[in-house]
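Chain and residue survey
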Amino acid sequence: MFLDVSKNRSFDVLVIGGGPAGMAATVTASGEGRKVGLVDDNPDLGGQIWRGERKKPSSAEARVVFEELQKSTFEALPGTRIVGLVRPGTLLAEASGSLVELSYQSLILATGARELFLPFPGWTLPNVMGAGGLQALAKSGLPIAGKSVVVAGSGPLLLAVAAHLKKKGAILRGIFEQAPLSKLVKFGLGLWTEPSKISQAIDLRWQIGAVRYRAGAWPVEAVGGEVLRSVKLTDGKKVWSVDCDYLACGFGLVPNLELPAILGCSIGPGGTIVDEWQQTTVENVYCAGEATGVGGLDLSLFEGKIAGHAAASGRPDKARFLLNYRDKARRFARALDESFALRDELRHLAKADTIVCRCEDVPAGALAGRTSWVDAKLQTRCGMGPCQGRICGAATSFLHGWERGSVRPPIFPVGVENLAEVYSNSASSPV
Amino acid sequence: MPDDSIALTIDGQAVRVAPGTSVAAAVLIFQGPGFRRSVTGTPRGPLCGMGICYECRLTIDGLPQRTSCQTVCQAGMEVVTDVP
Ligand SMILES: Cc1cc2nc3c(=O)[nH]c(=O)nc-3n(C[C@H](O)[C@H](O)[C@H](O)COP(=O)(O)OP(=O)(O)OC[C@H]3O[C@@H](n4cnc5c(N)ncnc54)[C@H](O)[C@@H]3O)c2cc1C
Ligand code: FES
């Protein structure tokens, strides 16, 4: 991999992440007349929820944002992944095998969230996927019609995924939510203060039709030899088995914080810490969407707009009304979070020989005596593989309460020799 | 398959997919769910579908460790899996 200086770019406002938050930020910042760049590591814009929908939006909300984006002036940099910081004001990016430098006056981090995966026996078998994971593959061309799917784990995403897969012709063998019914009912009542959410929920239930939605049940084992054949589930009392082609399983979302962390932004328990105008603890670096704390689509859009205004033109009065909408969406997110809190039983699903770190094949037994994330890394190589602890770091944080500690660049694997070259060059060049 | 289909090879086998298909989806269709072997030899396939877990990594046009879930099939692409 080499540094391609001909592709270096410089912007007034650089937005990282082409999901709803990043798209909303781009529209507002470009509306303020600034030179805006929008980077995303996927082949096209849309983020997780609107993946592959640019030409065919599936909802009114998506259509509005894609249309606004279409009318805006900005440079889109899809297929481009930020891997590190060269110096303050300049990021290092990788695009189709070459490295480029992207400079900015203001930066908006809209890096979104990923699914939380928890280890249980058999979870490494092919065809055991994330809930959003299977949905993403179905959106990118995997034929799912006629395939039998068990959806399990936790959170409202399970319903969205189930509805999507059903629409594409999958045979749903049930949706299993680990949260107890009592908590969900409370959440259901909470919806009455949010009329737009009620219609959304009703709509999803209608799309899922007669499929069984079972609260208070979770997977304990994925069974198969070279590939998944069936899933064992439990309600805490009995265990039963369901045959399926795919297990779509995620236990909620965790924010992508590697980039805010290497930029020096302070991170709180839920995500990147921001002030009322979405600025992080680092000046001119803003954060919006799931990366400030998981909160759903509406919150991502409000935060993106606020960050776009603030990064482009300070704290404009005309954008002040957005702060109220955002705060309301935040309250809704908090209620949601409480309803889907993960049960303690999920901490004890892995057996001694169940792999926890999938990159380095570190089993649960090897981690039993370790005292911290760093201790585990040094003694067992947990978190040292290509995913750089993104999967097992989030899992062990839930299982053992370990903090992931400092993040070091590059935040995604790149050819190391060449990286050394970039950093040594940049250290000697004038800022 | 309509005429606008994309021709590529997976482990030397010529295949055609609809435009916009990810390499991960193409491998799942034509090769099956096992993409690679882990460091201790257990079979693996895509998990996250979004470029985070690296379980779907493959060699694409000679570049190793590409996340196939984030790569769209292009005409003439050569995909090599790590399944023995
Ligand atoms: C797998 C998954 C599926 C989901 N499906 C649904 C659904 O069906 N319905 C629903 O209501 N909600 C869904 N959600 C929740 C939804 O994503 C959020 O509610 C919200 O829309 C997130 O918006 P965002 O802009 O903050 O983040 P995202 O949409 O996650 O966008 C962030 C983008 O930043 C990119 N990125 C991150 N780091 C880098 C980097 N270093 N360099 C370059 N690019 C980077 C990511 O690839 C991503 O495209 C899903 C979430 C996940 C994780
Ligand atoms: S499936 Fe996780 S990176 Fe592709």
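1. Structural notes on the nonpolar core
Formed by 47 residues in total, the largest nonpolar core has its most connected members in Phe 120, Leu 247, Cys 382 and Ile 391 of chain A. If you tally residues by element for this core, the top one is helix 12 (residues 390-400) of chain A, at six residues. Counting 39 residues, the second largest nonpolar core, distinct from the first, contains Val 149 of chain A together with Ala 24, Val 27 and Met 77 of chain B.

2. Concerning the pairing of strand 5 (residues 57-60) of chain B
Residue and element names in this part refer to chain B. Here strand 5 pairs with strand 6 (residues 63-67) via three bridges, running antiparallel. Paired with Arg 57 across the strands is Thr 67, a residue of strand 6. Between strand 5 and strand 6, which follow one another and run antiparallel, lie two residues, and Asp 61 among them has a positive phi close to 50°. Relative to strand 7 (residues 78-80), strand 5 runs antiparallel, the two being bridged by two bridges.

3. Examining helix 1 (residues 23-30) of chain B
Among the eight residues that make up helix 1 of chain B, six are buried, leaving the element largely enclosed by the rest of the structure. Here helix 1 of chain B has its buried residues at Val 23, Ala 24, Ala 25, Ala 26, Val 27 and Leu 28 of chain B. The secondary structure elements touched by the buried residues of helix 1 of chain B are strand 8 (128-129) and helix 3 (131-139) of chain A together with strand 1 (6-10), strand 2 (13-17), strand 5 and strand 7 of chain B. Looking one or two places after helix 1 of chain B, you find Gly 32 of chain B, whose phi comes out positive at around 105°.

4. Section: the site of ligand 1
In the region of ligand 1, 32 residues are neighbours, and Ala 21, Asp 40, Asp 41, Gln 48 and Glu 290 of chain A sit closest. Nearby residues place ligand 1 at the junction of chains A and B. Asp 41 of chain A places a polar side-chain atom, nitrogen or oxygen, 2.6 Å from an oxygen atom of ligand 1. Contact between ligand 1 and Gln 135 of chain A: an oxygen atom at 3.1 Å from a side-chain N or O atom of the residue.

5. Concerning the environment of Leu 137 of chain A
Its location among the elements puts Leu 137 of chain A in helix 3. Discounting chain neighbours no more than four positions away, the residues touching Leu 137 of chain A are Met 129 and Leu 142 of chain A together with Ser 22, Ala 24, Ala 25, Leu 28 and Pro 46 of chain B.

6. Some points on the sheet that holds strand 8 of chain A
All names here are of chain A. A sheet is described by the order of its strands in space; here five strands give the open sequence 8-15-9-10-11, paired in parallel fashion. Strands at the two margins of the open sheet, each flanked by one partner only, are strand 8 and strand 11 (213-215). Here strand 9 (residues 148-154) runs beside strand 10 (residues 171-177); their pairing, made up of five bridges, is parallel. Paired with Ala 152 across the bridge in strand 10 is Phe 176. The strands touched by helix 3 within the sheet are strand 8, strand 9 and strand 15 (246-251), with strand 15 carrying the most contacts at an inclination of about 130°.

7. Description of the packing of aromatic side chains
All names here are of chain A. In this structure the tally under the stated criterion is four aromatic pairs over all chains. With a centroid separation of 6.2 Å and an interplanar angle of 55°, the aromatic rings of Phe 176 and Trp 240 are classed as tilted. Taken as a pair, Phe 176 in strand 10 and Trp 240 in strand 14 (residues 239-243) lie far apart in primary sequence, 64 residues in all. Measuring from ring centre to ring centre gives 6.1 Å for Phe 321 and Tyr 325, while their planes differ by 90°; the resulting arrangement is edge-to-face. Here Phe 321 and its partner Tyr 325 are both found in helix 9 (residues 321-339), four residues apart, which amounts to about one turn of the helix. Accessibility expressed as a relative area gives 46% for Tyr 325, which makes it partly exposed. The structure contains a cluster of three or more aromatic residues connected by ring pairs, namely Phe 302, Phe 321 and Tyr 325. The side chain of Lys 35 reaches across the aromatic face of Phe 11, ending 5.4 Å from its centre.

Definitions and limits used
Residues numbered from 1 in each chain as written. Chains lettered and ligands numbered in written order. Predicted model: local features only at pLDDT ≥ 70, side-chain atom pairs only at ≥ 80, totals over all residues. Heavy atoms only, no water. Core = buried A, V, L, I, M, F, W, Y, C linked by side-chain atoms within 4.5 Å. Buried < 20%, exposed > 50% of the residue type's maximum accessible area, 1.4 Å probe, protein only. Helix = DSSP H or I, 4+ residues; strand = E, 2+ residues; numbered from the N terminus. Pairing = 2+ DSSP bridges. Contact = heavy atoms within 4.5 Å. Near = heavy atom within 4 Å. Polar contact = N/O pair within 3.5 Å; in protein donor to acceptor, adjacent residues only side chain to side chain. Axes fitted to C-alpha atoms, helices over the stretch in contact; angles between N-to-C directions. Phe/Tyr/Trp six-rings, centres within 6.5 Å; stacked < 30°, edge-to-face > 60°. Lys NZ or Arg CZ within 6 Å of the ring centre and 35° of its normal.

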